[in-house]
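If you want the building blocks of each chain, they are given just below.
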There are 2 protein chains.
Amino acid sequence: MLANRPPNSYDVAQAAGVSQSAVSRAFSPGRSIAKATKEKVLKAAAELGYQPNAIARSMSSARTKAVQKSGLVGVVVTQLENQFFAKIVHTLSLSLQEQGWQILLFSVESEVDVDPALFELTQYQVDGVIVLSALMSQKVAQHCRNLSTPVVVFNRYIKDLDISAVRVDNYAGGRMAADVIVDAKHQYIAHIAGIQEEQTGVDRELGFCERLRERGATLYQREVGDYTFDSGYEATQRLLNMQPRPDAIFCASDLMALGAMHAARTLFGLSIPTDLTIIGFDDVPAAAWPGHQLTTISQPIEEMGQAAVKTLVSEMENPETPASQQVFAGKMVLRSSSLSDLYAQI
Amino acid sequence: MLANRPPNSYDVAQAAGVSQSAVSRAFSPGRSIAKATKEKVLKAAAELGYQPNAIARSMSSARTKAVQKSGLVGVVVTQLENQFFAKIVHTLSLSLQEQGWQILLFSVESEVDVDPALFELTQYQVDGVIVLSALMSQKVAQHCRNLSTPVVVFNRYIKDLDISAVRVDNYAGGRMAADVIVDAKHQYIAHIAGIQEEQTGVDRELGFCERLRERGATLYQREVGDYTFDSGYEATQRLLNMQPRPDAIFCASDLMALGAMHAARTLFGLSIPTDLTIIGFDDVPAAAWPGHQLTTISQPIEEMGQAAVKTLVSEMENPETPASQQVFAGKMVLRSSSLSDLYAQI
DNA sequence: TTGAAAGCGCTACCAT
DNA sequence: ATGGTAGCGCTTTCAA
């Protein structure tokens, strides 16, 4: 009688009348084993419902193999509820699974939870880590370096240059927004910034303001939000109560831009873009909805996700790979939330 | 000289001048160890940058301990980009982490990828699995039962009654929608159904139609969508081209309802709810946006997420726990996308 | 091509 | 309270 436990390689070996080593070989692609033996093993395994134990497997291969020690990649995300990040995680997931890695997910409430998450991940011997929009402390960066666990940060800046980063060109995106607004000859130009502690939003604002200045325009007013719909909605109320009223707002995220749009329409009865031009950043699905038609800077998420995986994989495969910083160009998507000059309309 | 590998418990033991067993005990809460010894060990560990290897740990405890064999829980999700599911995953994540479990995430493209995902998960010796909105085949269900891996399906029906399920009462939700529409005395009542192969949407429609009949109303027309914004948008075009035009639409998801709303406004110039009442299902964040104000049935996501975790944990802790079916009541959230009768206005 | 045996890092038992 | 030791399931030498 079989014990009440899942079958292991010895059970299969016995059933197939071969050694345990043979079973191991049968399940390891590219190892030397006779075809007949392999078939015998696979047949017995199927009958017993045997599956190799990935945990045990990773324990024994940890010693020799450089890659796929555990086959696990840690993914840390702070705002999974934001469609933008959900989409990235999905992209990463597909891409990693394709290459045989599993995702150990950490969805944390706030930036302060990132550090502990990383420590837990390393206990699980993850072969690599991808951090989405999170502040990694120097301490953790050092910790990962000690463990020689490659890390890639997504849409983030890491002061420590030894860590690879994949991100969109936020500065250039800000400049594009400025051009669209100046082209449309707006007078009272406002900005709703993102979280001040994060470089992402700071760069968007920097590019925006610098380009305004270059084109001879000036920023009329700025407000600060936290990338959420509600913060955009509220900031816009403050802006639109000003005299004179702003006639263009560049928001550091689409969600804030949508908040701005809803506030302008429902609270102030404004028409967009006739009374007010609104520009966002990210190009989330809702930006393209017919009633929104938000002009925004689109990020090549899939491309960036694949680049992140590719970078991580090559660092996992070859620990000597130097860290790299990859910057992707965003694309200005002109929709009808912004007035366009003649040139843009053509 | 230390080898170029992370320190293990023997390294720490040597550094602390104790046995390896002592190191193990120092890192296992509640085991018998002298305070002084523990401190010595922790100090040495900190100096060496030692962390227990969770993989190895799970290998040795697999033998004896019933719970936390691997400390891993598999989560399979088909539509992570849908905010509704992203929110569930986030809730599950927090709740599982709190209890010391890690999430092995499988974000798959479609239902057909669920089966292979489950097989991969079991190789990682997950202690349990939560399946979100996915069809589990009988084969996989049987596979998990053989492995005695508990499974909880979220917002799904499983024909196999041995598998626990947590879901909202879709049938009752459909009835609520019918009541709101009949109360407002609508004449031409339409429905945009969800994917026909899934019980979720079928039940919503069933409850809706049955309640209409009970109230002496009839369904004027129905269309079928796939829960996405676009499918709602398109189905609504077909509906609103009818003569006479429907004056109320109940949609099987908020995304489809928002698609309906945008189509009605931008393509037909209709006012909501004056010309058309729209009701959704789920209560996603965008439903509450000022320009949408979508009447919908809200699902108690956090409660349901916690229930799913609680159910899974108790089945992991005690394999004898019988499977349970938990049905949560949805809540009608009246906003201004629906005409309300006097009673509802009070 | 195959089988025997060592060992991955840890926990849990058994003595002491 | 502590240390020694068996063994979790597998991969990988090493011999045959």
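Residues numbered from 1 in each chain as written. Chains lettered and ligands numbered in written order. Predicted model: local features only at pLDDT ≥ 70, side-chain atom pairs only at ≥ 80, totals over all residues. Heavy atoms only, no water.

In this section: the pairing of strand E4 (residues 151–154) of chain B. All names here are of chain B. Burial of E4 is two-sided: the residues Val151 and Val153 facing one way and the residues Val152 and Phe154 facing the other way are all buried. As paired strands, strand E3 (residues 128–132) and E4 are joined by 4 bridges and run parallel to one another. Residue pairing for E4: Val131 is matched across the bridge by Val153. Strand direction decides the pairing type here: E4 and strand E5 (residues 164–168), joined by 3 bridges, are parallel. (Buried < 20%, exposed > 50% of the residue type's maximum accessible area, 1.4 Å probe, protein only. Helix = DSSP H or I, 4+ residues; strand = E, 2+ residues; numbered from the N terminus. Pairing = 2+ DSSP bridges.)

The subject of this paragraph is the confidence of the model for chain A. Confidence along chain A averages 90 in pLDDT terms, with 94% of residues attaining 70 or more. Within the model, the stretch residues 342–346 of chain A combines pLDDT values under 50 with 2 contacts to residues more than four positions away or in other chains. (pLDDT = per-residue confidence, 0-100. Contact = heavy atoms within 4.5 Å.)

The next thing to look at is the nonpolar core. Counting residues in each nonpolar core, the largest one holds 143 residues, and the members touching the most others are A:Leu105, A:Leu132, A:Phe208, B:Leu105, B:Leu132 and B:Phe208. Non-local contacts of B:Leu105, meaning those with residues more than four positions away in its chain, are made with A:Val89, A:Gln97, A:Ile103, A:Leu105, B:Val75, B:Val77 and B:Val89. Formed by 46 residues, the second largest nonpolar core is a distinct cluster that contains A:Ala54, A:Phe106, B:Leu118 and B:Ala141. (Core = buried A, V, L, I, M, F, W, Y, C linked by side-chain atoms within 4.5 Å.)

For the structure on display, the rule yields 12 aromatic pairs over all chains. Centre to centre, the rings of A:Tyr188 and A:Tyr220 are 5.0 Å apart; their planes meet at 65°, and the pair counts as edge-to-face. Here A:Tyr220 lies in strand E7 (residues 219–224) and A:Tyr188 lies in the loop between helix H8 (170–183) and strand E6 (189–193), a separation of 32 residues in the sequence. You can call A:Tyr188 partly exposed: its relative accessible area is 33%. With a centroid separation of 5.4 Å and an interplanar angle of 80°, the aromatic rings of B:Phe84 and B:Phe85 are classed as edge-to-face. For the pair shown, B:Phe84 and B:Phe85 are each scored as buried. Three or more aromatic residues joined by ring pairs form one cluster here, namely A:Phe229, A:Tyr233 and B:Trp289. The lysine or arginine in question, A:Arg204, covers the ring of A:Phe281, its NZ or CZ lying 3.7 Å from the ring centre. (Phe/Tyr/Trp six-rings, centres within 6.5 Å; stacked < 30°, edge-to-face > 60°. Lys NZ or Arg CZ within 6 Å of the ring centre and 35° of its normal.)

Let us look at the packing of helix H8 (residues 170–183) of chain B against helix H9 (residues 199–214) of chain B. Residue and element names in this part refer to chain B. Where H8 contacts H9, the axes come no closer than 7 Å and their chain directions differ by 40°. Here H8 is positioned oblique relative to H9, judged by the angle of their axes. Pair H8 / H9 crosses with right-handed handedness. Facing Asn170, Tyr171, Gly174, Arg175, Ala177, Ala178, Asp179, Ile181 and Val182 of H8, the residues of H9 in contact are Thr200, Asp203, Arg204, Leu206, Gly207, Phe208, Glu210, Arg211, Leu212 and Glu214. Of the residues belonging to the contact of H8 with H9, the class tally is 8 nonpolar, 4 polar and 7 charged. (Axes fitted to C-alpha atoms, helices over the stretch in contact; angles between N-to-C directions. Parallel < 35°, antiparallel > 145°, perpendicular 65-115°, else oblique. Left-handed = near helix turned anticlockwise from the far one by under 90°. Nonpolar A, V, L, I, M, F, W, Y, C, P; charged D, E, K, R; others polar.)

Residue and element names in this part refer to chain A. Within the element layout of this structure, His191 appears in strand E6. From its side chain, His191 meets the backbone oxygen of Phe250 in a polar contact 2.8 Å long. Other than its neighbours up to four places away in sequence, His191 contacts Glu205, Phe208, Leu219, Gln221, Arg222, Glu223, Phe250 and Ala252. (Polar contact = N/O pair within 3.5 Å; in protein donor to acceptor, adjacent residues only side chain to side chain.)

Our next topic: helix H11 (residues 254–268) of chain B. One turn of an α-helix holds 3.6 residues; hence residues three or four places apart share an orientation. Residue and element names in this part refer to chain B. With 15 residues, H11 extends 20 Å from end C-alpha to end C-alpha; this agrees with the ideal 21 Å at 1.5 Å per step. Among all positions in H11, only Asp254, Met256, Ala257, Leu258, Gly259, Ala260, Met261, His262, Ala263 and Ala264 are buried. On its buried face, H11 sits against strand E6 (189–193), helix H10 (229–240), strand E8 (248–251), strand E9 (277–282) and strand E10 (295–298). Gly269 lies just past H11 and shows a positive phi near 65°. (Expected span 1.5 Å × (residues − 1).)

Attention shifts here to the protein's contact with DNA strand C. The environment of DNA strand C is formed by 32 residues, the closest being A:Thr37, B:Ser9, B:Gln20, B:Ser24 and B:Arg57. Considering DNA strand C, the proportion of its atoms within 4 Å of the protein that are sugar or phosphate atoms stands at 60%. Between DNA strand C and A:Ser60, the relevant distance is 3.3 Å, taken from a base oxygen to a main-chain nitrogen or oxygen of the residue. Listing elements by their share of the surface near DNA strand C, those giving two or more residues are helix H2 (20–26) and helix H4 (54–61) of chain A together with helix H1 (9–16), helix H2 (20–26) and helix H4 (54–61) of chain B. Taken together, the residues of the surface near DNA strand C break down into 10 nonpolar, 16 polar and 6 charged. (Near = heavy atom within 4 Å.)

Here we take up the packing of helix H6 (residues 114–123) of chain B against helix H7 (residues 138–146) of chain B. Residues and elements named next belong to chain B. Between H6 and H7, the shortest axis-to-axis distance is 10 Å and the interhelical angle comes to 10°. With respect to H7, the element H6 is oriented roughly parallel. In this structure, H6 uses Asp115, Leu118, Phe119 and Thr122 to contact H7, whose residues at the interface are Lys139, Val140 and His143. A breakdown of the residues in the contact of H6 with H7 according to their chemical character gives 3 nonpolar, 2 polar and 2 charged.

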